[in-house]
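What follows is each chain in one-letter form.
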Amino acid sequence: MEQPEIKILPYETRPARCEPHEAGAAAAAAALVQFLRRQLDGVVIERIGSTAVPGCAGKGIIDLMVMYGGGQLAEVREQIDGLGFQRQTTREPFPEDRPMRTGAFDYEGQRYLVHVHIVSAESPEVEDLRYFRDCLRADPELRAAYVAFKKKLLAQGVSDSVDYAIAKGEFIRQCLGR
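Quantities reported herein were computed from a predicted structural model and do not represent experimental measurements.

Novice: Would you take a moment to explain the pattern of salt bridges for this structure?
Specialist: For side chains of opposite charge, pairing can occur when their charged atoms come near one another. Taken as a whole and judged by the stated rule, the model has 18 salt bridges. Of the charged contacts in the structure, one is a salt bridge between Glu12 and Arg111, with a shortest N-O distance of 3.3 Å. Linking Glu12 in the segment before helix H1 (24–39) with Arg111 in strand S5 (residues 110–120), this pair joins segments that are 99 residues apart in sequence. A relative accessible area of 37% places Glu12 in the partly exposed class. Among the ionic contacts, a cluster of salt bridges with common partners joins Glu46, Glu127, Arg130, Arg133, Asp134 and Arg137.

Here is the structure:
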């Protein structure tokens, strides 16, 4: 089966939201991961975030964690930038020593937004991101509580995507025991 070629498009900034889980995001994310694995050498790529958790409502953005080995940050960052991913344009972007890149792509007639988290394979953040994702996958009550928390933030008027992400961090830190 031929792998689809993916073109990375400009990211579309939008207000915070919490929408029902979209089943098509899994296939789109899998196609994007396959594409990136063909383009990037020496990295491990995993899906994280709400779209990686079946049934979890969220902002509808595919979050990927690209893990690189020692000394590869600059090379991996340049490769990802070369594919068309962009630096964040929101306030408080991730620092360049732990960057996040944004982009969009079309898959089966739908546009998907993407956040690519570029993380050292040795960073404790890797285990934190995996742990939270896996807890949400395994525990329907935790997943429901997380969705309720996100909806509460929106009901309180949090619409800025950065404020929303910061506020969600409180729930995540509690789950991680911090």
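Novice: How do you make sense of the nonpolar core when you look at a structure like this?
Specialist: The nonpolar side chains of a soluble globular protein tend to be buried, and buried together. In this structure, Leu32, Leu36, Ile45, Leu64, Val66, Ile80 and Phe105 are the most contacted members of the largest nonpolar core, which totals 27 residues. Counting only elements with at least two residues in this core, the list comes to H1, strand S1 (43–48), strand S2 (61–68), helix H2 (73–82), strand S4 (100–107) and S5. Sort the elements by how many residues they give to this core and H1 lands first, with eight residues. Setting aside anything within four residues of it in sequence, one finds Ile80 in contact with Leu40, Val66, Phe85, Arg101, Val116 and Ile118. Residues Ala16, Cys56, Val158 and Ala167 belong to the second largest nonpolar core, which totals 17 residues.

Novice: I keep staring at the pairing of S2 and nothing clicks. Help me out?
Specialist: One face of the sheet, then the other: side chains in a regular strand alternate in exactly this way. The buried count for S2 comes to eight of eight residues, which makes it a mostly enclosed element. Residues Ile61, Asp63, Met65 and Met67 line one face of S2 and the alternating positions Ile62, Leu64, Val66 and Tyr68 line the opposite face, and both faces are buried. Inspection of the sheet shows S1 paired to S2 by six bridges, in the antiparallel sense. Bridge pairing in S2 links Ile48 to Asp63. The sheet contact formed by S2 and S5 spans eight bridges and is parallel. Paired with Leu64 across the strands is Val116, a residue of S5.

Novice: I tried to follow the side chain of Arg143 on my own but got confused; where do I start?
Specialist: Considering the arrangement of structural elements, one finds Arg143 in helix H4 (residues 140–155). Despite its burial, Arg143 pairs with no opposite charge, the nearest such side chain being Asp139 at 7.1 Å. Contact partners of Arg143, with chain neighbours within four places excluded, come to Val53, Pro54, Gly55, Cys56, Leu136 and Arg137.

Novice: I keep staring at the packing of aromatic side chains and nothing clicks. Help me out?
Specialist: Any two aromatic rings considered together are summarised by their centre-to-centre distance and by the angle between their planes. Enumeration according to the criterion identifies five aromatic pairs in this entry. For the ring pair Phe132 and Phe171, a centre distance of 6.5 Å and an interplane angle of 70 degrees mean the geometry is edge-to-face. Of this pair, Phe132 sits in helix H3 (residues 124–138) while Phe171 sits in helix H5 (residues 161–175); the two residues are 39 residues apart in sequence, bridging distant segments of the chain. Each member of the pair, Phe132 as well as Phe171, is classed as buried. Ring centres of Tyr146 and Phe171 lie 5.1 Å apart, and the angle between their planes is 35 degrees; on these two criteria the pair is classed as tilted. One end of the pair, Tyr146, is in helix H4; the other, Phe171, is in helix H5, with 25 residues separating them in the sequence. You'll find Tyr146 and Phe171 in the same group, each marked buried. Put simply, the rings of Phe132, Tyr146, Phe149 and Phe171 touch in pairs and so form one group of aromatic residues.

How each quantity is defined
Residues numbered from 1 in each chain as written. Predicted model: local features only at pLDDT ≥ 70, side-chain atom pairs only at ≥ 80, totals over all residues. Heavy atoms only, no water. Salt bridge = Lys/Arg side-chain N within 4 Å of Asp/Glu carboxyl O. Helix = DSSP H or I, 4+ residues; strand = E, 2+ residues; numbered from the N terminus. Buried < 20%, exposed > 50% of the residue type's maximum accessible area, 1.4 Å probe, protein only. Core = buried A, V, L, I, M, F, W, Y, C linked by side-chain atoms within 4.5 Å. Contact = heavy atoms within 4.5 Å. Pairing = 2+ DSSP bridges. Lys, Arg positive; Asp, Glu negative; His and termini not counted. Phe/Tyr/Trp six-rings, centres within 6.5 Å; stacked < 30°, edge-to-face > 60°.

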